[in-house]
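Each chain is listed here by its residues.
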Amino acid sequence: MSDGQLSDGEPFSCKLAMSYGRELSQRALPKVGPQWLLPLVAVLGLGTIYVLTGPGNRSEADDAFWFADDIEHEGLRELLGEAHTAHLLFLPLARGLFNMLRLAGIDVRAYDAVRLTNCFVAATAVVLFSTLLRTRFRLSPFAAMTGAAGLAVSYGFWRYANEAEAYAVAILVIVVLCLVAFTGLPSTRSVIVASGLATLGTFIHILSVIPAVIVVPFILLLQRRIRDMAVYVLGFTLFVGVIGYGAYRYAALPQQSFAGYLLGPSPEASYSPRVIPESVVSLGQGIGTSNFLFAYPGIARRI
């Protein structure tokens, strides 16, 4: 026997054992292929682009500096206070990231730690969004990449990818929720997983509640799975109630009701019919804002 080949003189049991051993080793060590390598390269590449192309003027996102200051200096009770109910779990998660970096001996400010992490979180959301379009909506690879690229370069997404804000993390959770939901939710277990993801997204940023209460119930309703829709609604309500009430009790706000705590501060703005055209303008700014013009020194000087 030479170079791993079996000779005719080898016992049959030896041949069988060695053949089984080779087969087992091949199963244990899967081949490296583009299935995970290409998405990983895409995440690293796009995340690096977000790092390198961050805006020079960061005064627009003043909340990010408030968040970073609280992450560094406030206790968990303050991070769960009524001022942060719209993003209840974002700051505690960011504090956990900040503490892990400090324990690893990395001397970094909370602002930089969160915004740089968000660059790669946002890149992951873009890659998974392309996967969602290709695998769940049956778009061609080119169409899926084009749709994902539209998200990646839209102003609002690009601007807050490199920022110490909650949006990138919330979008990633919602994309994962859609990936789970558009599998068709074949089992009750998958429905419960979806309700957990919906809860996580809602507590990362409150606006995530919109897809959370629309996407999954709509899919289950189309499939006439009333029982599973009830399971989803019950699970989502239970998760929100338990986590929210736990945070409320820990925050110790005797002057605030539980419902008022979850809903957050009341908005001061009044509503009128002009909200609709104003929303259209805001959407346009989110996709391609005039702030892009500041990238060109000649135009910036004139502005």
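## Observations regarding the overall build of the protein
- When you go through the protein residue by residue, the secondary structure sums to 15 helices and zero strands.
- Across the 303 residues that make up the protein, the buried fraction comes to 35%.
- Expressed as a percentage of contacts within the protein between residues at least 6 apart in sequence, the contacts between residues at least 24 apart total 68%.
- Summed over all atoms, the accessible surface of the protein reaches about 18300 Å², with 67% contributed by carbon and sulfur.

## Side note on the side chain of Arg225
- Its place among the elements puts Arg225 in the loop between α11 (209–222) and α12 (226–251).
- The contact partners of Arg225, leaving out residues within four places of it in the chain, are Gly184, Leu185, Pro186, Ser187, Val191 and Leu220.

## Some points on the environment of Leu80
- Mapped onto the fold, Leu80 is located in the loop between α4 (76–79) and α5 (90–103).
- It is 5.8 Å that separates the C-alpha atoms of Leu80 and Ala251, two residues lying 171 residues apart in sequence.
- The residues contacting Leu80, other than those within four sequence positions of it, are Leu88, Pro92, Ala247, Tyr250, Ala251 and Tyr261.

## Quick word on the pattern of salt bridges
- Tallied over the full model, the rule gives six salt bridges.
- Linking Glu72 and Arg109 is a salt bridge whose minimum nitrogen-to-oxygen distance equals 2.8 Å. Here the residue Glu72 occupies a position in helix α3 (residues 62–73), and Arg109 occupies one in the loop between α5 and α6 (110–136), the gap between them amounting to 37 residues.
- A single salt-bridge network, built from bridges that share partners, covers Arg58, Arg159 and Glu163.

## Remarks on the packing of helix α10 (residues 188–204) against α12
- The geometry of α10 relative to α12 is characterised by a closest axis approach of 8 Å and an angle of 40° between their N-to-C directions. As judged from the angle between their axes, α10 and α12 are oblique. In terms of crossing hand, the pair formed by α10 and α12 is right-handed. Contact residues: α10 offers Thr188, Val191, Ile192, Ala194, Ser195, Gly196, Ala198, Thr199, Thr202 and Phe203, while α12 offers Arg227, Asp228, Val231, Tyr232, Gly235, Phe236, Phe239, Val240, Ile243 and Gly244.

## Here's the deal with the packing of aromatic side chains
- Inspection of every chain in the model, using the stated rule, returns 12 aromatic pairs.
- When the ring of Phe67 is compared with that of Phe90, the centres are 6.2 Å apart and the planes differ by 65°; the resulting orientation is edge-to-face. Residue Phe67 is found in helix α3, and its partner Phe90 is found in helix α5; the two are separated by 23 residues along the sequence.
- What makes Phe67 buried here is its relative accessible area of 2%.
- Relative accessible area serves as the criterion here: at 4%, Phe90 is assigned to the buried category.
- Taken together, the ring pairs in this structure connect Tyr245, Tyr248, Phe258 and Tyr261 into an aromatic cluster.
- Looking at Arg77, its charged tip hangs above the ring of Tyr250, at a distance of 4.7 Å from the centre.
- Above the face of the Tyr160 ring, Arg159 is positioned so that its terminal group lies 5.5 Å from the ring centre.

## Quick look at the nonpolar core
- Tyr50, Ile71, Phe90 and Val126 are the most contacted members of the largest nonpolar core, which totals 35 residues.
- Secondary structure elements with two or more residues in this core: α2 (34–52), α3, α5, α6, α7 (141–153), α8 (155–161) and α9 (167–181).
- In terms of residues, this core owes the most to one element, α6, which gives 10 residues.
- Setting aside anything within four residues of it in sequence, one finds Tyr50 in contact with Cys119, Ala122, Ala123, Val126, Ala152, Phe157, Trp158, Ala161 and Asn162.
- The next biggest cluster of nonpolar side chains, apart from the first, holds 28 residues, and it includes Leu80, Leu132, Leu185 and Val216.

About the thresholds
Residues numbered from 1 in each chain as written. Predicted model: local features only at pLDDT ≥ 70, side-chain atom pairs only at ≥ 80, totals over all residues. Heavy atoms only, no water. Helix = DSSP H or I, 4+ residues; strand = E, 2+ residues; numbered from the N terminus. Buried < 20%, exposed > 50% of the residue type's maximum accessible area, 1.4 Å probe, protein only. Contact = heavy atoms within 4.5 Å. Areas by Shrake-Rupley, 256 points an atom, 1.4 Å probe, with all protein chains shown as cover. Salt bridge = Lys/Arg side-chain N within 4 Å of Asp/Glu carboxyl O. Axes fitted to C-alpha atoms, helices over the stretch in contact; angles between N-to-C directions. Parallel < 35°, antiparallel > 145°, perpendicular 65-115°, else oblique. Left-handed = near helix turned anticlockwise from the far one by under 90°. Phe/Tyr/Trp six-rings, centres within 6.5 Å; stacked < 30°, edge-to-face > 60°. Lys NZ or Arg CZ within 6 Å of the ring centre and 35° of its normal. Core = buried A, V, L, I, M, F, W, Y, C linked by side-chain atoms within 4.5 Å.

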